[in-house]
Structure formats: structure tokens, C-alpha cells
Amino acid sequence: MSVLQRNNVRVLGKPSDPVLLFAHGFGCNQSMWDSVASAFIGNTYQILFDYVGSGQSDLRCYQFERYANLQGYAQDVIEICDALGLERDVIFVGHSVSCSIGALAAVARPNLFREMIFLGASPCFLNDPPHYSGGFDKDDLEGLLALMNQNYVGWAEYLAPVVAGPDNNPEIAGELSNSFCSTDPVIAQHFARATFFADNRDDFAKVTVPSLILQHQDDVLASVAVGEFLHKQLKHSQLKILDVAGHAAHMSHPGLVITAIQDYLKERDIL
Amino acid sequence: MSITDELSALPCSLIITDAFGKIVFMNALARIEFLPEQVTLPTAIEQLFPPAAKIFLQTHLWPMLRKEGQVREYYLNIKSKLGTSIPILVNVAAGVYSGESCYRWVLLPAYQRASFEQELLNARQQSLQYAQEVSVLKQRLQNILDAAQDIAIMTLDQMGVIQFTNLGAGKLLGYPYNELVGQNIEMLFCNHQETHAGLLRIKYYLNAIYTMPTAMESVLEFESTLAQQSGAIIDVLLQFRPVPGESNASPKQILLLATDISKRKQLERLQNDFVATISHEFRTPLTAILASLTLLSHRYENVLEEKAKRLVDLSVINSQRLKRLVNDLLDLGDITSGNVTINLQSCALEQLIERAVNEQTQASKLKQITLNVLMPEHVPSVCTDPDKFHRVLVNLLSNAIKFSPVNSTVNVQATAYASCVVLRIEDQGCGVKPEFESRLFTQFTQENNASNREYEGSGLGLAICKGLVNAMGGEIGYQSAQPHGAIFWFSCLRG
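Residues numbered from 1 in each chain as written. Chains lettered and ligands numbered in written order. Predicted model: local features only at pLDDT ≥ 70, side-chain atom pairs only at ≥ 80, totals over all residues. Heavy atoms only, no water.

You'll find chain B entered in an unreviewed UniProt entry as histidine kinase, with Alishewanella tabrizica given as the organism. Looking at the Catalytic activity (unreviewed entry) heading of the UniProt record, one finds this comment for chain B: "ATP + protein L-histidine = ADP + protein N-phospho-L-histidine." (UniProt positions renumbered as here; feature names shortened; annotations may be inferred.)

Named according to an unreviewed UniProt entry, chain A is Sigma factor SigB regulation protein RsbQ originating from Alishewanella tabrizica. Under the UniProt heading Sequence similarities (unreviewed entry), the entry covering chain A gives this text: "Belongs to the AB hydrolase superfamily."

Following this line, the structure appears as C-alpha cells:
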């Protein structure tokens, strides 16, 4: 099993163009980047992938020990670059938890990356009073895990035969399952724990790669204050606030994200 | 009536948001249920949800909504007006409202479903946990059973099909791990007379265990030879015992323990060969001695003095005893080495019993013993070797007469079962002491030396009987009679 198959890696464009590596957030897969990525076709080399356990990755490769914390996912990112023969100048574009994963990868292999673009980043979702407010208490995050338990695909598959009856029609069962996120519920829980109980505040401070922080104006998961905190932690960073409510501007307002990235890359003499 | 009025009148909570989640409309029910009084529209829909649901909304619901245009039947918690959190089912679909793109959110209370799902979820987690525990225990048990490498441990079903084996079974029988499972135990028996009798005994035993509730405690144990996968033959001690099912509904199984006794059998064979050779060597001079003494006793009866005649008669009697002992030894040697020929045939039970009883009538009369034969109403035929059957029954009858007090009764009772007939020979003698019962059917054993003097016998009779009965596919045993006395029983297959 190659790394490229394991992570369902999709590559577009010429390797000689600037390399954009798009990393998806928790609960999502690479297709969430489609609208943004399509705007860069023609003048960049694009890499899209799914983390092991997400999207169309190979679930057989999921190792509970490796992915118990975000380091394992950072290792995925590095391995993908290695598998593609990329040694430097990668522009990492991450959403949500991928920002922390990208930061860990950039600390581990600083020379691999040229720029880091963080969308909706939060180094720590938990509140740590009095100086840091991640937005959530432990109980809130446990509540999220409970909700996931009741909504996830494995759960749907578990119930589907019951719902469809004894002579269950696979089409009906399939339809029920597909209406949920196609993720293994046990793995999703594990990823959720790795994501929401992580504290990577110190790791961002170790990143030396220049970065752009794109924060949503009104985002319950990653507030502007958290964006400002990151801006202080990251040595060569710019902070830009997107006038967006929500946590996924790349889906709700792709135009804003595209422009922000293009402007930044032009300013950095990359595009 | 305007569209807004119609939506307001819907019997479920409906909220309409713009493409970015800002609430542009709430129907009456939704306002009553979910809109806090101090809040005025427009506000973001996520404000209605507690923190956990907010994250879920952002990480799951919105991405899906944007990707697929709708979400169905999502389970979330929402803040109620009272400040508590209540479970709801959320269905969202993209649409148009006042000429703008919108999302329509239908919120259905889900108290019942929530508790039902929570129960199911708990049950699932519980069952997963149980399954894990069972799997751990199963592995532990398997490891323990596998560690017993010198003994083959198997379980059989009613038909004799192997259901489970430990590592030792594969090792003993020379089969790759688990290849024995699914095979019938018959496969392990090579095709000759001695093992054929063993198979008959197993069949009868399985049948009894599964049809007679009282058979649950019985154990079948015998020595046999089995064929390894390579074709090599090994000597084993086989022990079968029933294992109760985990519940009344689940079938019981038979535990089979097989131990390699090749070394012991090898020594036994050497010993048997030695005994057989010696016995043969004894027989020739003994025959000559006996012939001479008999001649002396008969032809010179009138010549010999009275004292010399008594001595000659005593020598004849003891030589005959010695001859019987030598013959018994040779017979036992043949039986244990499997050299005895068994001709199984369908025989009339009544005639077999009559013949044996007639032969013992003289002896019984000497002690004024009544021989009482009790037969079932419908006398079945039996599948047996008539001569061997006769020898067994005569031996047991003669023992019963020998150990009975004067003027008592010996009962011979035949009972027919589904697949066999059991004969019981009951006397009113002193019976067998419990501590001696386990050695009754072994060679050279009589209960005590005092008995040896009182009752003549080689101590081989019961061992020969056991060998013959087993060779015919039957079992032999002892139980004490009430209030005193002995019952010897043996079974033979129905003809």
C-alpha cells in the first residue's frame, strides 16, 4: 500500500509550478477544497488528499496509536510530500485542525515548506483561563463526541437493516448511510479527541515558515481573538479577518478565500 | 393568505436562514419553542444551539449542506426557552425565500427517539464490550488448552463431528492446526476389527448421551489405535465425557481427551509376548503331566494305595487348574493384542441365555441356588458373537454362584434399550468392596487373599470378559445390589 493510495492523494497541474498542498479539516474530506482549488488550476501544482480515516482514504491503514495525537497526521503530510518527491517550497493550505497539523509538520521539516496558509485555525479549542479562551470547556467537547456517536455513518449502518426491515434492500440501506458523513464512527471519535483535546499553542511559536492567518469574523470554533493569539505566536505571519460568519469560508465564501490567497502569494512573489 | 402565514401555521418548527445561516424567518411554533424573548431577528441560527451542537453544526452540518444541498435526520440538541437543552431532529434543505437563496430548517422534537437511540447505543456499547471480553476469555482458554500439548483435547457433536481441537490434538494426530475441525471422528480410526469395536462403542455412547438424560454423568474410556494423517498408527487412551450446553437451548457436546500411550503399549506388548511365550512353553509339559496323572488315576486306580490315590487325584485337580490358568493367560494375551476373531451375527437372546444357564444348573444345584431368568416382554435379537457371549455369561454366572451363599437366588435379567440390550446378573453374596470396584476388570485381581483360598479362580475371568464384551462393541460394569450382593452387567448391540 503506497502512501498515495493510503491518503487518496489527487494531484493536478505541473510539478514545476508553485506547489499548493490543501489539507482538509475535521469532519470533512478533500472535496471541501474543490471550489478554492479550481481557481488555481493552470498556474499551480495542486495536491489534495484525505487523512487516514477520512474521506476515501484506506481505513485499513488506520493505526490507533499513530493517530492518537496530531503528530501522526503531520507525519501523513510529510510522507505525502516525500512520496511525491517534494523537498522544498510547498505552500501548505490548511483548514481548521489542519492548521495545527501543518504547524507540526513545519516544525518537524521547516525546509519542506515555503508558506503556510491557515484558514480558521485554533491551536487549542479548550479554554485555559485566565489567559487563553479556546471557546469550549471539556463538557462541551464531550457533548460533541456524544452527538457524533448518534449521527455517524457506522451508527446509520447499524440501524439501516433495522429501518429497512428483514428483507432489506441494499439500495435503501446505502441511501441511509450515504446521507451521513462516510467515516468510520470509531475512527471519527478518535480523530475528534485528537483534534479537540489538542494543545499546540507552543508548537505554533516554533514555526519559522512565513504564514497567512485567515480568520472568520464570526466563528464559534476559532474566534478572531484566537487568530490574534496565533498572529503573536507565529514569527513571520500576517492576519487577515474574513467578513464571514461560520467556520468554513472556503465553502461558504470561496471567492473571499481565493482572493486572500492570491493576494498573499502575489505579495510574496510566488504567483 | 400569504406564504408567510402558511408557513407560520405549519404544525412543526420551521426556521428559514439565508445562505450563511442568518435567520430570516421563524414560524410561530419555532418562536414559541426556541426564540429567547430578549433576542430579536435577524440572528445566526447557531445561536440557538449549545456549544457541542455548534461545533457539530460547523464541522459536519454546514459542510454537508453546502456539498449536498440538504441534510436529513440529524440529531442535535437545541436550547429551549427555559434555558435547558432539548433533543431535536434536524432536516435542512436549500430553497428560495423572498427571491433569495435560503435554507429551510425543520426541527422536530426527539425526546422519544433520543432516549430510544441512547438505549440502543448503550446496548451496542455494552454488547461490544461483552464481545471483547468474550474474545479475550476465549483466547485465554484456547491458550490454556493449547499449552496442554501432551494431550489432545477435542469436542464432538452428536454425530461425532469434531467441533474444536487444541494444539495438542494436531500434534498427536499429525494434522495441521484446525484441519481436524469439521471432520468426523471415524476418520481417525483405521479399518480393522479392534478399532471397529471402538467405533461401535463411541456410536452407542453418543446415542446414549443424547437420548438418555441419565447418561449425562457417564464416561467412556478405552484404549485404541488411531491413524495419523501420515498413515502412522499410534496407541491412545481415549476418554469421552459429556459437556453440558451453556443453556437448555444449546446442545451439549462431548469432550474427548486422547493421550499418547505408545510407550506403555510397547512395554505391555513385550510383557504380553513374554507371558504368551511362557504360557505356551508351560502348556506342552503340563499337557503331558496331566495326561500321565489322569492315566495313573484311572488305569491304576485299583493298584494304588488309598493314600497314593488321594495324592494323584489332588495332583490331577491342581494340574487342571494350572491348565485353565495357562489357557486363560493365552486367551487374555490374544484379546489384548487384538488377535481374537469376533464373528458378529444376529442371535436369539433367549437361546443364548438358556444355553449358559443350563450349563450352570449343576453347579447351582450343589449350593441350592435358584437361577431366575427375567426376560422383557418382546425379546429382541442381539448382534453378538455367540461363543464369546456364552463365555462371558457363563463366567459371570459361575462367579455369581461361586460368591452366593447356600440357598439363595441368582437373577439373570435382560433389558432392551433403543440400541442395545443390557444383561444383569445379580447375586445375594457379599458384593464387592467400594475400594476394589475400580480394579475389578483388571488382570490377576481378586478381592483378597482370604477369598483366594475360599474361592478358586485365576483372577483373569473378568479381564477376559471385559476384553470380549468391548471387542463386540459393548460395555461391562458393576454395581452393588440392595441390600447386599453384586450386580454385573454387560451390554450388546441389538441385532
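Asks: An account of the overall build of chain B is needed here, citing residue identities and associated values.
Replies: Along the backbone of chain B there are 13 helices and 17 strands. A principal-axis box enclosing the C-alpha atoms of chain B has dimensions of 150 × 50 × 40 Å. When the 495 residues of chain B are sorted by exposure, 42% land in the buried category. Of the accessible surface of chain B, which amounts to about 26500 Å², a share of 54% is contributed by carbon and sulfur atoms. Looking at chain B, you have 42 positive and 48 negative side-chain charges, and the mean spots of the two groups are 2 Å apart. (Helix = DSSP H or I, 4+ residues; strand = E, 2+ residues; numbered from the N terminus. Buried < 20%, exposed > 50% of the residue type's maximum accessible area, 1.4 Å probe, protein only. Areas by Shrake-Rupley, 256 points an atom, 1.4 Å probe, with all protein chains shown as cover. Lys, Arg positive; Asp, Glu negative; His and termini not counted. Charge placed at Lys NZ, Arg CZ, Asp CG, Glu CD.)

Asks: Account for the domain arrangement of chain A, with residues named and values stated.
Replies: Residues and elements named next belong to chain A. Along its sequence, chain A is organised into domain 1 (3–124 + 199–267) and domain 2 (125–197). At the interface, 26 residues of domain 1 touch 23 residues of domain 2. Summed over both sides, the interface between domain 1 and domain 2 buries roughly 2000 Å², with carbon and sulfur atoms accounting for 67% of that surface. Where domain 1 touches domain 2, the interface holds one salt bridge. The partner of Asp128 in a salt bridge is Arg201, and the shortest N-O contact between them spans 2.8 Å. If you look at where domain 1 meets domain 2, you find three residue pairs in polar contact (both at pLDDT 80 or more). Those elements that place two or more of their residues in the side of domain 1 that touches domain 2 are helix 3 (70–83) and helix 10 (224–233). In terms of residue class, the side of domain 1 that touches domain 2 is made up of 16 nonpolar, eight polar and two charged. (Domains from an automatic or database assignment. Contact = heavy atoms within 4.5 Å. Buried area = accessible area lost by both parts, 1.4 Å probe. Salt bridge = Lys/Arg side-chain N within 4 Å of Asp/Glu carboxyl O. Polar contact = N/O pair within 3.5 Å; in protein donor to acceptor, adjacent residues only side chain to side chain. Nonpolar A, V, L, I, M, F, W, Y, C, P; charged D, E, K, R; others polar.)

Asks: Lay out the confidence of the model for chain B with the relevant residues and their values.
Replies: Confidence in the prediction of chain B, expressed as mean pLDDT, is 85, and 92% of residues score 70 or more. Mean pLDDT across the secondary structure elements of chain B bottoms out at helix 12 (residues 449–454) of chain B, with 48, and peaks at helix 10 (residues 386–403) of chain B, with 94. (pLDDT = per-residue confidence, 0-100.)

Asks: If you had to explain the nonpolar core to someone new, which residues and values would you point to?
Replies: Among the nonpolar cores identified, the biggest contains 93 residues, and Phe113 of chain A together with Leu76 and Trp105 of chain B are the most heavily contacted of them. Ranked by residue count, the leading element in this core is helix 3 (residues 51–68) of chain B, at nine residues. Residues contacting Phe113 of chain A, with those up to four places away along its chain left out, are Val77, Asp89, Val90, Phe92, Ala105, Ala106 and Val209 of chain A. Core analysis: the next-biggest nonpolar cluster, separate from the first, contains 46 residues, Leu352, Leu396, Ala414 and Val432 of chain B among them. (Core = buried A, V, L, I, M, F, W, Y, C linked by side-chain atoms within 4.5 Å.)

Asks: Requested: an account of the state of the cysteines, with residues and values cited.
Replies: Per the counting criterion, the structure on display carries zero disulfides over all chains. Between Cys102 of chain B, a free cysteine, and Cys12 of chain B, which holds the nearest cysteine sulfur, the sulfur-to-sulfur gap is 15 Å. (Disulfide = S-S within 2.5 Å.)

Asks: Can you break down helix 8 (residues 306–336) of chain B residue by residue, with the values?
Replies: Residue and element names in this part refer to chain B. For helix 8, spanning 31 residues, the distance from its first C-alpha to its last is 45 Å, which sits close to the expected 45 Å at 1.5 Å a residue. The set of residues buried in helix 8 consists of Lys309, Val312, Val316, Ser319, Val326, Asp328, Leu329, Leu330, Leu332, Gly333 and Ile335. On its buried side, helix 8 packs onto helix 7 (262–299), helix 10 and helix 13 (461–471). Residue Gly338 follows helix 8 closely and has a positive phi angle near 75 degrees. (Expected span 1.5 Å × (residues − 1).)

Asks: Run through the UniProt feature "domain: PAS" (unreviewed entry) in chain B, naming residues and quoting values.
Replies: In the numbering used here, UniProt assigns the feature "domain: PAS" (unreviewed entry) to residues 137–184 of chain B. In residues 137–184 of chain B, the share of helix is 38% and the share of strand is 21%. The end C-alpha atoms are 27 Å apart.

Asks: Quick rundown of the pairing of strand 13 (residues 381–384) of chain B? Include the residues and the values.
Replies: A regular strand places its side chains so that they alternate between the two faces of the sheet. Residue and element names in this part refer to chain B. The side-chain alternation of strand 13 yields one buried face, formed by Val382 and Thr384, and one unburied face, formed by Ser381 and Cys383. Two strands pair when backbone bridges link them, and strand 11 (residues 345–348) and strand 13 are joined in this way by four bridges, in the antiparallel orientation. Across the sheet, Cys347 pairs through a bridge with Val382, a residue of strand 13. As defined by bridge partners, strand 13 adjoins strand 17 (residues 486–494) across two bridges and the pair is classed as antiparallel. Each residue of the ladder has a partner; that of Val382, found in strand 17, is Arg494. (Pairing = 2+ DSSP bridges.)

Asks: For the pairing of strand 16 (residues 476–480) of chain B, give the residues involved together with the corresponding values.
Replies: Residue and element names in this part refer to chain B. Here strand 16 runs beside strand 17; their pairing, made up of five bridges, is antiparallel. Following the sheet pairing, Ile476 is matched in strand 17 by Phe490. Counted along the chain from strand 16 to the antiparallel partner strand 17, the turn is five residues long, and its residue Gly485 has a positive phi close to 120 degrees.

Asks: Requested: an account of the environment of Val243 of chain B, with residues and values cited.
Replies: Residues and elements named next belong to chain B. Inspection of the secondary structure puts Val243 in strand 9 (residues 233–243). Overall, Val243 belongs to the partly exposed group, its relative accessible area being 30%. Each C-alpha atom of the pair Val243 and Leu255 lies 6.2 Å from the other, and the pair is 12 residues apart in sequence. Residues contacting Val243, with those up to four places away along its chain left out, are Lys252, Gln253, Ile254 and Leu255.

Asks: So what's going on with a nonpolar patch on the surface? Residues and values would help.
Replies: Side chains of Phe274, Ile278 and Phe282 of chain B sit close together on the surface and give an oily, nonpolar patch of about 310 Å² of accessible area. In this structure, Phe282 of chain B sits in helix 7. (Patch = residues over 30% accessible without salt bridge, like charges linked within 9 Å, V, L, I, M, F, W, Y side chains within 5 Å.)

Asks: Lay out the environment of Phe490 of chain B in plain terms, naming residues and giving numbers.
Replies: All names here are of chain B. On the secondary structure map, Phe490 appears in strand 17. Sequence separation of Phe490 and Val469 is 21 residues, and the distance between their C-alpha atoms is 7.2 Å. With sequence-adjacent residues up to four places away left out, Phe490 is seen in contact with Phe389, Val392, Leu393, Leu396, Val421, Val422, Leu423, Ile425, Val469, Glu475 and Ile476.

Asks: Can you break down the side chain of Ser122 of chain A residue by residue, with the values?
Replies: All names here are of chain A. If you trace the backbone, Ser122 turns up in the loop between strand 5 (113–119) and helix 5 (138–151). Ser122 sits in the buried class, given a relative accessible area of 2%. Here the side chain of Ser122 touches Cys124 through a polar contact of 3.2 Å, landing on its backbone oxygen.

Asks: Describe the interface of chain B and chain A, and please don't skip the residues or the numbers.
Replies: Taken together, the contact between chain B and chain A spans 29 residues of the former and 35 residues of the latter. Both sides together, the interface formed by chain B and chain A hides about 3000 Å², and carbon and sulfur atoms give 65% of it. At the boundary of chain B with chain A, the tally comes to one salt bridge. The closest approach of N and O atoms between Lys67 of chain B and Asp34 of chain A, which form a salt bridge, is 3.7 Å. Sorting the residues of the side of chain B that touches chain A by element identifies helix 3, strand 3 (70–79) and helix 4 (111–147) of chain B as the ones contributing at least two each. Looking at which element gives the most residues to the side of chain B that touches chain A, the answer is helix 3 of chain B, with 14 residues. Here the residues of the side of chain B that touches chain A are counted per class, giving 14 nonpolar, six polar and nine charged.

Asks: Describe the packing of helix 9 (residues 349–366) of chain B against helix 10 of chain B, with residues and values.
Replies: Residues and elements named next belong to chain B. Helix 10 packs onto helix 9 with a crossing angle of 40 degrees between their chain directions and a minimal axis gap of 9 Å. Of the two possible hands of crossing, helix 9 and helix 10 adopt the one that is right-handed. Note on element contacts: helix 10 touches helix 9 through Pro386, Asp387, Phe389, His390, Leu393, Val394, Leu397, Ser398 and Ile401, opposite Leu349, Leu352, Ile353, Arg355, Ala356, Val357, Glu359, Gln360, Ala363 and Ser364. For the contact of helix 9 with helix 10, the residue count by class is 12 nonpolar, four polar and three charged. (Axes fitted to C-alpha atoms, helices over the stretch in contact; angles between N-to-C directions. Left-handed = near helix turned anticlockwise from the far one by under 90°.)

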